[in-house]
Amino acid sequence: MKETSRVLSQAYKEGRKSLLETEAKTVCIEYGIPVTKFELAKSEVEAVRFADELGYPVVLKIVSPDIVHKSDVGGVVVDLKDASSVGNAYNQILNNVKQHDAKARITGMLIQEMAPSSTEVIVGALKDPQFGPAIMFGLGGIFVEVLKDVTFRIAPITEDEACEMISEVKAYPLLKGYRNTPPADLEAIAKILLNTSRLVTDHSEIKELDLNPIMVYEKGAKTVDARIILE
Ligand code: ADP
Ligand code: MG
């Protein structure tokens with residue numbers, strides 16, 4: 001709670017209503033929500049050094065208070081397998097961002113471990129003016145975007161409610177495993193739902209939260225992108 005309060009007041013102090021991915025993930029870590037390992041680089045040399053330390057493949061992402069949807073502006077490059085690709089991606093991303101918005105402030109470049117692809121789920125939180133924060137769950141990609149196959153509960157949620165949320169989406173059979181796809185770690189998802197509920201209950205300044213996507217494995221899960229919007 002302490003680290004999260006510090007991150008939130010820093011954002012307010014700088015007049016920002018939207019947390020940087022680094023900040024949102026720092027908050028996640030404090031609340032036991034698993035995220036991909038990351039380092040914030042301030043130069044190309046540093047980016048390569050961090051990539052070497054994390055181990056390949058890595059992902060590079062722009063960190064800027066002026067950019068919310070990073071891949072829309074060419075701000076994300078995945079699956080970089082060596083130092084020279086990291087250097088190229090670093091410059092490519094800066095160019096892309098400059099072309100999109102010459103005045104965008106650049107905080108740095110995020111170097112991230114590359115999460116192996118798997119079943120993607122999303123967890124969200126949204127404040128209802130009457131009932132307070134609601135927790136959302138669904139499977140990623142077309143399930144949420146096209147089919148709107150999502151479910152909600154008012155926070156704080158119980159462990160039983162977390163399990164209900166997981167089993168009541170239409171795509172649930174995909175999580176239980178099918179053909180060559182092994183079952184997903186439902187316990188890990190339930191834990192993320194509970195921790196998200198705890199986070200938004202503790203911090204009423206959070207207006208919107210979006211963990212999208214979360215890669216779920218046979219054992220464990222990893223949040224690849226986290227977005228938090230403040231009141
Ligand atoms: P955006 O701001 O555009 O939502 P994301 O951080 O979600 O940016 O990155 C876009 C996409 O790139 C993700 O949906 C995911 O498919 C992929 N991606 C991003 N980070 C990682 C990572 N660490 N490991 C694996 N894939 C990633
Ligand atoms: Mg995203």
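1. Looking at the site of ligand 1
In the vicinity of ligand 1 lie 18 residues, with Lys61, Ser71, Gln112, Ala115 and Asp225 positioned nearest. In the model, an oxygen atom of ligand 1 is placed 2.9 Å from a nitrogen or oxygen of the Lys70 main chain. Between ligand 1 and Gln112 there is a distance of 2.8 Å, counted from a nitrogen atom to a side-chain nitrogen or oxygen. When ligand 1 sits alone it has 540 Å² of accessible area, and the protein chains cover 82% of it. Contributions of two or more residues to the shell around ligand 1 are made by β2 (58–63), β3 (76–80), β4 (108–113) and β8 (206–216). Residues that form the shell around ligand 1 fall into these classes: eight nonpolar, five polar and five charged. Lining the shell around ligand 1 are residues from two domains, each supplying at least three of them: domain 1 (2–113) and domain 2 (119–230).

2. Side note on the sheet that holds strand β1 (residues 38–41)
Taking strand neighbours across the sheet as the criterion, the four strands line up as β1-β4-β2-β3 in an open arrangement whose pairing is antiparallel. Across the chains shown, the open sheet's two edge strands, defined by having one partner strand only, are β1 and β3. The sheet shows a mean angle of 20 degrees between the axes of neighbouring strands, direction not considered. Across four bridges, the pairing between β1 and β4 is antiparallel. Its bridge partner lying in β4, Leu40 is registered against Leu110. Contacts from helix α2 (residues 21–30) reach β1, β2 and β4 within the one sheet, and its direction differs from that of β1 by about 150 degrees.

3. Quick word on the domain arrangement of the protein
Segmentation of the protein into domains returns domain 1 (2–113) and domain 2 (119–230). Put simply, the middle of domain 1 and the middle of domain 2, counted by C-alpha atoms, are 23 Å apart. Listed as interface residues are 26 residues of domain 1 and, on the opposing side, 19 residues of domain 2. Both sides together, the interface formed by domain 1 and domain 2 hides about 2,000 Å², and carbon and sulfur atoms give 62% of it. Of all residues in domain 1, Tyr31, Ile33 and Pro34 bury the most surface against domain 2, accounting for 30% of the area lost on that side. Remark: the boundary between domain 1 and domain 2 carries two salt bridges.

4. Side note on helix α6 (residues 159–168)
For α6, the set of buried residues is Ala162, Met165 and Ile166. Considered in projection along α6, the buried side chains sweep an arc of 95 degrees and stay on one side of the axis.

5. Considering a nonpolar patch on the surface
A cluster of nonpolar residues, Ile142, Val146 and Leu147, forms a patch on the protein surface that exposes about 310 Å² of accessible area. Here Ile142 shows up in helix α5 (residues 142–145).

6. Side note on empty space enclosed by the protein
What the rule picks out here adds up to one cavity of 30 Å³ or more. Of the pockets and cavities examined, the largest cavity occupies roughly 170 Å³. If you go around the largest cavity, you meet 14 residues; those closest to its centre are Leu19, Leu20, Glu21, Ile67 and Val68. Across the lining of the largest cavity, the residue classes tally to eight nonpolar, two polar and four charged. Shared between two domains, the lining of the largest cavity holds at least three residues of each, these being domain 1 (2–113) and domain 2 (119–230).

What counts, and at which threshold
For every chain, the first residue of the written sequence is number 1, and numbering continues from 1 onward in sequence order. Lettering of chains starts at A and numbering of ligands starts at 1, both following the order in which they are written. Two thresholds apply to this predicted model, a pLDDT of at least 70 for residue-level local features and 80 or more for giving and counting side-chain atom pairs, whereas whole-chain, interface and lining totals are computed over all residues. Each side-chain value is derived from all of the structure's non-hydrogen atoms; neither hydrogens nor water enter the calculation. It suffices for a single heavy atom of a residue to lie within 4 Å of a molecule or strand for the residue to be listed as near it. For this analysis, a polar contact is any N or O atom pair within 3.5 Å, provided that within protein one partner can donate a hydrogen and the other can accept it, and provided that sequence-adjacent residues contribute only side-chain to side-chain pairs. Surface accessibility in these figures is a Shrake-Rupley result with a 1.4 Å probe; residues are shielded only by whichever protein chains are displayed. Runs of H or I in DSSP of at least four residues are treated as helices and runs of E of at least two as strands, each being numbered from the N terminus. Polar here means any residue outside two lists: the nonpolar Ala, Val, Leu, Ile, Met, Phe, Trp, Tyr, Cys and Pro, and the charged Asp, Glu, Lys and Arg; Gly therefore counts as polar. Residue ranges for the domains originate in an automatic or database domain assignment. Strand pairing is assigned whenever DSSP identifies at least 2 bridges connecting the two strands. Only the contacting stretch of a helix is used when fitting its axis, a line to C-alpha atoms as for every element, and angles between N-to-C directions run 0 to 180 degrees. Note on definitions: a residue-residue contact is assigned when non-hydrogen atoms from the two residues lie within 4.5 Å. The buried area of a pairing is the accessible area, by a 1.4 Å probe, that goes missing from both parts when the two are put together, added over both. Salt-bridge detection follows one rule: a side-chain nitrogen of Lys or Arg within 4 Å of a carboxyl oxygen of Asp or Glu. The cut-offs for exposure are 20% and 50% of the maximum accessible area for each residue type, with area from a 1.4 Å probe on protein chains only; residues under the lower value are buried, those over the upper are exposed, and the others partly exposed. Throughout, the arc means the angular range of directions from the helix axis out to the C-beta atoms. Exposure above 30% relative accessible area and no salt bridge define the residues that can form patches, which grow by joining like charges within 9 Å and nonpolar side chains of Val, Leu, Ile, Met, Phe, Trp and Tyr within 5 Å. Every definition here rests on a 1 Å grid over the protein atoms only: cavities are sets of points where a 1.4 Å probe fits but cannot get out, pockets are open sets enclosed by protein on both sides within 12 Å along at least five of seven lines, and lining residues have some atom within 4 Å of a point. Grid points are joined across faces, edges and corners, and a volume is the space filled by probe spheres set on the points.

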